[in-house]
Amino acid sequence: MPVIVVANPKGGVGKSTLSTQIAGYLASRGHAVMLGDVDRQQSSRMWLKLRPEGLPVIQAWEVGDGDTVRPPKGTTHVVLDTPAGLHNKRLDEVMKHADKVLIPLQPSIFDIHATHAFLREILAKKRHGKVDVAVVGMRIKEGTISADQLRHFLGTLAVPVIGHIRDTQNYVHLAARGLTLWDVAPSRVQRDLEQWEPIAKWLDS
């Protein structure tokens, strides 16, 4: 059962957006998905409550004693949305479960420096090289200096950059209704679906 962890020590970088969209993609493929919300803000759990009936089912994370992950019966894939400030013992606990770690990064010099240090910590905690680690550029505005700075930084990383997600209100509107790109007519979000193709390929690998 693959466990996909979405993590970054900075708040407001798009972890919940990425987590909910990943869960939606996997559910659209027919998988039995659990969306775990380790973040105190419980953004992903709130999103699940907004999700309309009749869509591919995404189950919520159940918390047991010691905050251990107990997937609902029949779960085939787990997505964990993690909190800001994830370091040390809390990071160790999450990494015990991880098969893939996806790190969202937006074009801010502060986020870039914080993420660089976090990547070093993540790579040091990989379980015998069995954990796949990758980065996704978030809220990219083409033609801006910040986007150029982000691309320059991403080119220096020792982990793959599997995609870039543009800055669009589509994600805001979808989140407000408990939806994902795969829950609406493709013609409405075609450009975004195209950006997700390499991310989906990594998730399926």
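In this text the structure is predicted, and so the values were computed from the model without any measurement.

Participant: Explain the overall build of the chain to me, please; I cannot follow it from the model alone.
Facilitator: Helices and strands together make up the secondary structure of the chain, namely seven helices and seven strands. When the elements of the chain are put in sequence order from the N terminus, they spell out β-α-β-α-β-β-α-β-α-β-α-β-α-α. For 205 residues, the compact-globule formula gives about 17 Å, and the C-alpha radius of gyration of the chain, at 16 Å, lands near that figure. The principal-axis extents of the C-alpha atoms in the chain amount to approximately 45 × 40 × 30 Å.

Participant: I keep staring at helix 5 (residues 145-154) and nothing clicks. Help me out?
Facilitator: For an α-helix, the turn length of 3.6 residues means that residues three or four places apart are oriented alike. Those residues of helix 5 lying buried are A147, L150, F153 and L154. Buried residues of helix 5, seen end-on, are gathered within an arc of 125° and therefore sit on one face of the element. For helix 5, the exposed residues set more than 90 degrees away from the buried face come down to I145, D148 and H152.

Participant: Looking at this structure, I do not really get the sheet that holds strand 6 (residues 132-140). What am I missing?
Facilitator: Strand pairing in a sheet is mediated by backbone hydrogen bonds. Such pairs are either parallel or antiparallel. Judged by pairing direction, the sheet is parallel, and its seven strands sit side by side in the order 3-2-4-1-5-6-7 without closing on themselves. Each end of this open sheet is capped by a strand with a single partner; those strands are strand 3 (58-60) and strand 7 (161-166). Strand after strand, the sheet turns through a mean of 25° between neighbouring axes, direction not considered. Here three bridges tie strand 1 (residues 3-6) to strand 5 (residues 100-105), and the two strands are oriented parallel to one another. Bridged to V6 within strand 5 is L102. Sitting on the sheet, helix 1 (residues 15-28) touches strand 1, strand 2 (33-37), strand 3, strand 4 (77-81), strand 5, strand 6 and strand 7, and the angle it makes with strand 4 is about 170°. In the packing of helix 7 (residues 190-204) onto the sheet, contacts are made with strand 1, strand 5, strand 6 and strand 7, and the angle to strand 7 comes to roughly 155°.

Participant: How do you make sense of the nonpolar core when you look at a structure like this?
Facilitator: Across soluble globular proteins, nonpolar side chains have a tendency to be buried as a group. Ranked by size, the top nonpolar core spans 32 residues in total, and within it L18, I22, I58, L102, I165, W196 and I199 carry the most contacts. Looking at this core, the elements with two or more residues in it are strand 1, helix 1, strand 2, helix 2 (43-50), strand 6, strand 7, helix 6 (170-176) and helix 7. Dropping the residues within four chain positions of it, I22 is found in contact with I4, V6, V79, L102, W196 and L203.

Participant: What am I meant to see in the packing of aromatic side chains here?
Facilitator: Within a pair of aromatic rings, the relevant descriptors are the distance that separates the centres and the angle that separates the planes. Taken as a whole, this structure holds two aromatic pairs when the rule is applied. Here the aromatic rings of W182 and W196 are separated by 5.3 Å at their centres, their planes lie at 90°, and the arrangement is edge-to-face. With W182 in the loop between helix 6 and helix 7 and W196 in helix 7, the pair connects residues that are 14 residues apart, well separated along the chain. A relative accessible area of 24% means that W182 is categorised as partly exposed. Lying over the aromatic face of W202, K100 brings its terminal NZ or CZ to 4.5 Å of the ring centre.

Participant: Help me out: how do you make sense of the environment of G36 in this one?
Facilitator: Position of G36 among the secondary structure elements: in strand 2. Contacts of G36, omitting those with residues within four sequence positions, involve W61, V79, L80 and D81.

Participant: Whenever I open this one, the layout of surface pockets confuses me. Can you help?
Facilitator: To find the voids left in a structure, one rolls a probe of water-molecule size over its atoms. One number sums up the size of the largest pocket: a volume of about 390 Å³. Taken together, 22 residues make up the lining of the largest pocket; nearest its centre are G14, K15, S16, T17 and R139. Elements that contribute at least two residues to the lining of the largest pocket include exactly helix 1, strand 6, strand 7 and helix 6. In terms of residue class, the lining of the largest pocket is made up of seven nonpolar, nine polar and six charged.

Participant: Where do I start with the packing of helix 1 against helix 2 in this structure?
Facilitator: Axis angle and axis distance: for two packed helices, these are the angle between their axes and the distance between the axes, and together they describe the pair. Where helix 1 meets helix 2, the axes come as close as 9 Å, and the angle between the chain directions of the two elements is 45°. Relative to helix 2, helix 1 is oriented oblique. Viewed along their axes, helix 1 and helix 2 form a crossing whose handedness is right-handed. Residues S16, S19 and T20 of helix 1 lie in contact with helix 2, whose contacting residues are S43, S44 and W47. Taken together, the residues of the contact of helix 1 with helix 2 sort by class into one nonpolar, five polar and no charged.

Participant: Help me out: how do you make sense of the pattern of salt bridges in this one?
Facilitator: Two side chains that carry opposite charge are able to pair once their charged atoms sit near each other. What the rule picks out here adds up to five salt bridges. Across the pair R29 and D204 runs a salt bridge, and its minimum N-O distance is 3.8 Å. Taken together, the residues span a long stretch of sequence, with R29 in the loop between helix 1 and strand 2 and D204 in helix 7 at a distance of 175 residues. Classification of R29 by relative accessible area gives exposed; the value is 53%. D132 is the salt-bridge partner of K100, the closest N and O atoms lying 3.3 Å from each other. One end of the pair, K100, is in strand 5; the other, D132, is in strand 6, with 32 residues separating them in the sequence. On the accessibility criterion, K100 (6% relative accessible area) is buried.

Calculation criteria
- Residues numbered from 1 in each chain as written.
- Predicted model: local features only at pLDDT ≥ 70, side-chain atom pairs only at ≥ 80, totals over all residues.
- Heavy atoms only, no water.
- Helix = DSSP H or I, 4+ residues; strand = E, 2+ residues; numbered from the N terminus.
- Rg over C-alpha atoms; globule rule 2.2 N^0.38 Å.
- Buried < 20%, exposed > 50% of the residue type's maximum accessible area, 1.4 Å probe, protein only.
- Arc of directions from axis to C-beta.
- Pairing = 2+ DSSP bridges.
- Axes fitted to C-alpha atoms, helices over the stretch in contact; angles between N-to-C directions.
- Contact = heavy atoms within 4.5 Å.
- Core = buried A, V, L, I, M, F, W, Y, C linked by side-chain atoms within 4.5 Å.
- Phe/Tyr/Trp six-rings, centres within 6.5 Å; stacked < 30°, edge-to-face > 60°.
- Lys NZ or Arg CZ within 6 Å of the ring centre and 35° of its normal.
- 1 Å grid on protein atoms, 1.4 Å probe; cavity = no way out; pocket = protein on both sides within 12 Å on 5 of 7 lines; lining within 4 Å.
- Points joined across faces, edges and corners; volume = space filled by probe spheres on them.
- Nonpolar A, V, L, I, M, F, W, Y, C, P; charged D, E, K, R; others polar.
- Parallel < 35°, antiparallel > 145°, perpendicular 65-115°, else oblique.
- Left-handed = near helix turned anticlockwise from the far one by under 90°.
- Salt bridge = Lys/Arg side-chain N within 4 Å of Asp/Glu carboxyl O.

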